Amino acid sequence: MRGNTVLSKLECIILGHLVRTPMAGYDLHKWLNQEGPFFGYSPQPSQIYRQLNKCLEKGWVDLVIDQRTTGPDAKVYRLTDAGVATFKEWALSPHEPTVRPLDSDFQMRFLLTGILGPEVALRILTTELDYRRTQHQVKAYSDDVNPDDAAIAVDPAWHKELVRLGRERSYLLGTTYLTWLELTHARLTEQIADFNTAGSGPAREIA
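Let me sum up the structure you'll find in this document. Along each chain, the written sequence defines residue order, and numbers are assigned to residues from 1. Where local features are concerned, this predicted model is filtered to residues with pLDDT of at least 70; where side-chain atom pairs are given and counted, the filter is 80 or more; whole-chain, interface and lining totals use all residues. Side-chain numbers come from the whole structure's heavy atoms, not from hydrogens or water.

**Structural notes on the packing of helix 2 (residues 25-39) against helix 3 (residues 45-57)**
- Geometry is summarised by axes, namely lines fitted to C-alpha atoms with helices restricted to the contacting stretch, and by angles between N-to-C directions that run from 0 to 180 degrees. Only DSSP runs of H or I covering at least 4 residues are called helices, and only runs of E covering at least 2 are called strands; the numbering of each starts at the N terminus. Their axes nearest at 10 Å, the elements helix 2 and helix 3 cross at an angle of 130°. Here helix 2 is positioned oblique relative to helix 3, judged by the angle of their axes. The chirality of how helix 2 crosses helix 3 is right-handed. Two secondary-structure elements touch here, helix 2 through Gly25, Tyr26, Leu28, His29 and Leu32 and helix 3 through Pro45, Ile48, Tyr49 and Leu52.
- As a working rule, the residues Ala, Val, Leu, Ile, Met, Phe, Trp, Tyr, Cys and Pro are called nonpolar, Asp, Glu, Lys and Arg charged, and the rest polar, with Gly in that last group. When its residues are assigned to classes, the contact of helix 2 with helix 3 shows seven nonpolar, two polar and no charged. If an angle is under 35 degrees, it is roughly parallel; if it is over 145, roughly antiparallel; if it lies from 65 to 115, roughly perpendicular; otherwise it is oblique. Crossing handedness is defined as follows: a turn of the near helix away from the far one that is anticlockwise and smaller than a right angle gives a left-handed crossing, while the clockwise case is right-handed. For this analysis, residues touch if any pair of their heavy atoms sits within 4.5 Å.

**Description of the side chain of Thr184**
- In this structure, Thr184 sits in helix 7 (residues 156-198).
- Apart from the residues lying within four places of it in its own chain, the contact partners of Thr184 are Phe110 and Leu125.

**Things to note about helix 5 (residues 104-113)**
- For each residue, the accessible area found with a 1.4 Å probe, counting protein chains only, is set against the maximum for its type, and the residue is called buried under 20%, exposed over 50%, and partly exposed in between. In terms of burial, helix 5 is largely enclosed, as seven of its ten residues are buried.
- Those residues of helix 5 not exposed but buried are Ser104, Phe106, Met108, Arg109, Phe110, Leu112 and Thr113.
- Lining the buried residues of helix 5 we find helix 1 (9-18), helix 2, helix 4 (81-92), helix 6 (118-136) and helix 7.
- Between the side-chain oxygen at the start of helix 5 and the backbone nitrogen of Asp105 there is a gap of 3.0 Å, and the oxygen is on Asp103. N or O atoms within 3.5 Å of each other form a polar contact, as long as, within protein, one can give a hydrogen and the other can take it, and as long as residues adjacent in sequence are counted only when both atoms are side-chain atoms.

**Focus on the packing of aromatic side chains**
- Classification of ring pairs rests on two measures: the distance between centres of Phe, Tyr or Trp rings, Trp counted by its six-membered ring, which must be within 6.5 Å, and the angle between planes, read as stacked under 30 degrees, edge-to-face over 60 and tilted in between. In the structure shown here, the tally under the stated rule is seven aromatic pairs.
- For the ring pair Tyr177 and Trp180, a centre distance of 6.4 Å and an interplane angle of 5° mean the geometry is stacked. Residue Tyr177 and its partner Trp180 are both found in helix 7; the two are separated by three residues, about one turn of the helix.
- By the ring-pair criterion, three or more aromatic residues cluster together here, those being Phe106, Phe110, Tyr177 and Trp180.

Printed below as a string of structure tokens:
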């Protein structure tokens, strides 16, 4: 977000990808067809072109004509200084975990903003880890049921078993995710320490 402007998910994705490489709208659509499901978002081509035009109007991108030997010439979009600043402001803003542990928002933010360096990736991951540690301790769905109050015939013993099965799924998914967060946190921490010891610093930050 820039100037307290909340970015849409598609704006975040577009800025986060164009910060890596300039790209034509058609190529951006092809990339999103492949990678969009990992971000929980698969927009239609018309949405992408409409959003690119809005980014152009806001001064976040400019375009050059790529004269291609095969097919029509392409409009290639690249970030302006204002676009980079907008991306950075979003990337460095606080991460707010969602209730669902495997929600795609964290995946999107981690992969797109982590390009700024391991410190940025670690800060996002630490927020997610702290939230999931607390969440993992909270009791899940209640197995309490009163057959007399139910709108249909309910077997209390089966209901308890059903809830138990659901809890096992939630526990195993949560434990696996928590383990990945813990291991990645340790790995990033070690990597940053190695960079500092070597005096090389983190990967070059985008100017």
